[in-house]
Amino acid sequence: MPEDPKPPSVAETNIVDVEPIAVRRNGIFTIASGLDTGKVLRLPAGEMVVLGRAPECTYSFDDASLSRQHARVMRVGAEYVIRDDGSRNGTFVNNVRLTKAEALRNGDRVQLGSSTLLRFALVDEEEERALRRVYEAAILDGLTGIYNRKHLEERLVTELAYAARHGAPLSIVMIDVDHFKKVNDTYGHLGGDAVLRAVAALFGSSMRVEDVLARYGGEEFVILLRGTPVAQAIELAERLRRAVEATAIPFEGHLIRITSSAGVASLAEMGMPADRAALLGAADARLYQAKQSGRNRVVGP
């Protein structure tokens, strides 16, 4: 009769990782409605995350149905706990209104007020990076890294609604690289790409958080300026024009020098209700006028 196998020694014993998955993963919200659908909001461990309409919230949403400080989320041990902050229109988890603090489960659907929808998930670092890449690919221009035309046009609708709701000014700058075909003919398309990336970076360094800079197409860029009267928008366009003219862009041992032209329009000129096409059309017409007048200039109302 064979002997019973000996139990494994301590050195031979396999150590099994029994740490809960929630401890090894991070909590995130992904926005599930509106302009920022797919955007990832991280919920850092050890921090109180405040959700609401106020700019000072950890994550602020442009949604009039939200209270200024609407709800709070915090990690407690392995769990993420959400509670309503006494909001007017309520916080809902899987369509049930919160009356007390509640632990979130992977996949839970969170609604703030009447129209802001979030999806809670537990993810590792690689999964979070993948989600962010998907979102960025949908809204960013692949060459310059700034917003693309689709996102700009969607954002313009939102900005028009915001301006109407708050009685705030809204201006738009459409700016174009002069003689861009000559750049491509002289330095090739890689040289042209280098110019577009440099111009986008130059413009981006002058933007406020609330401004929207996008590549509109080819060598054309558009800037949306929330809360900015047209006179200030013209001043910004002129500063950008001078900056472009003063910049030498290095490329394969060459220094490429360019100029730019811009057209500026504002919501104040439009009949109400203003629409996206009217505002873009006014800026485009003035850009064309700047080109026809000799380039390297800004034309406003």
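Preceding this paragraph is the structure being described.
Residue indices follow the written sequence of each chain, beginning from 1 at its first position. Under the rules for a predicted model, residues below a pLDDT of 70 receive no local features and side-chain atom pairs below 80 are neither given nor counted, while totals for whole chains, interfaces and linings still include all residues. The side-chain figures draw on all heavy atoms in the structure; neither hydrogens nor water molecules are used.

1. Section: the packing of aromatic side chains
Move 1: Aromatic pairs are defined between Phe, Tyr and Trp rings, using the six-membered ring for Trp, whenever the two ring centres lie within 6.5 Å; interplanar angles under 30 degrees are classed as stacked, those over 60 as edge-to-face, and all others as tilted. According to the stated counting rule, one finds three aromatic pairs in the structure shown.
Move 2: Their ring planes at 70° and their centres at 6.0 Å tell us that Phe-29 and Phe-120 sit as a pair that is edge-to-face. Of this pair, Phe-29 sits in strand β1 (residues 26–31) while Phe-120 sits in strand β11 (residues 116–123), and the two are 91 residues apart along the sequence. Across this residue pair, the class does not change: Phe-29 and Phe-120 are buried.
Move 3: Between Tyr-80 and Phe-120, the aromatic rings sit 5.7 Å apart at their centres with planes inclined by 55°, giving tilted as the arrangement. Of this pair, Tyr-80 sits in strand β6 (residues 79–84) while Phe-120 sits in strand β11, placing them 40 residues apart in sequence.
Move 4: Working definition: with a 1.4 Å probe on protein chains only, accessible area under 20% of the residue-type maximum means buried, over 50% means exposed, and in between means partly exposed. Of the residues examined, Phe-120 reaches a relative accessible area of 1% and is grouped as buried.
Move 5: Among the aromatic residues, those joined into a ring-pair cluster are Phe-29, Tyr-80 and Phe-120. Put simply, DSSP H or I for four residues or longer makes a helix, DSSP E for two residues or longer makes a strand, and each gets a number counted from the N terminus.

2. Considering the pairing of strand β3 (residues 49–52)
Move 1: Neither face of β3 is left uncovered, since the one carrying Val-49 and Leu-51 and the one carrying Val-50 and Gly-52 both have all their residues buried.
Move 2: The pairing criterion is simple: DSSP has to find at least two bridges between the two strands. Pairing analysis gives three bridges linking β3 to strand β5 (residues 71–76), with the strands arranged antiparallel. Opposite Val-49, over in β5, you have Val-73 as the bridge partner.
Move 3: Strand direction decides the pairing type here: β3 and strand β4 (residues 59–60), joined by two bridges, are parallel. By the bridge assignment, Leu-51 is partnered in β4 with Tyr-59.

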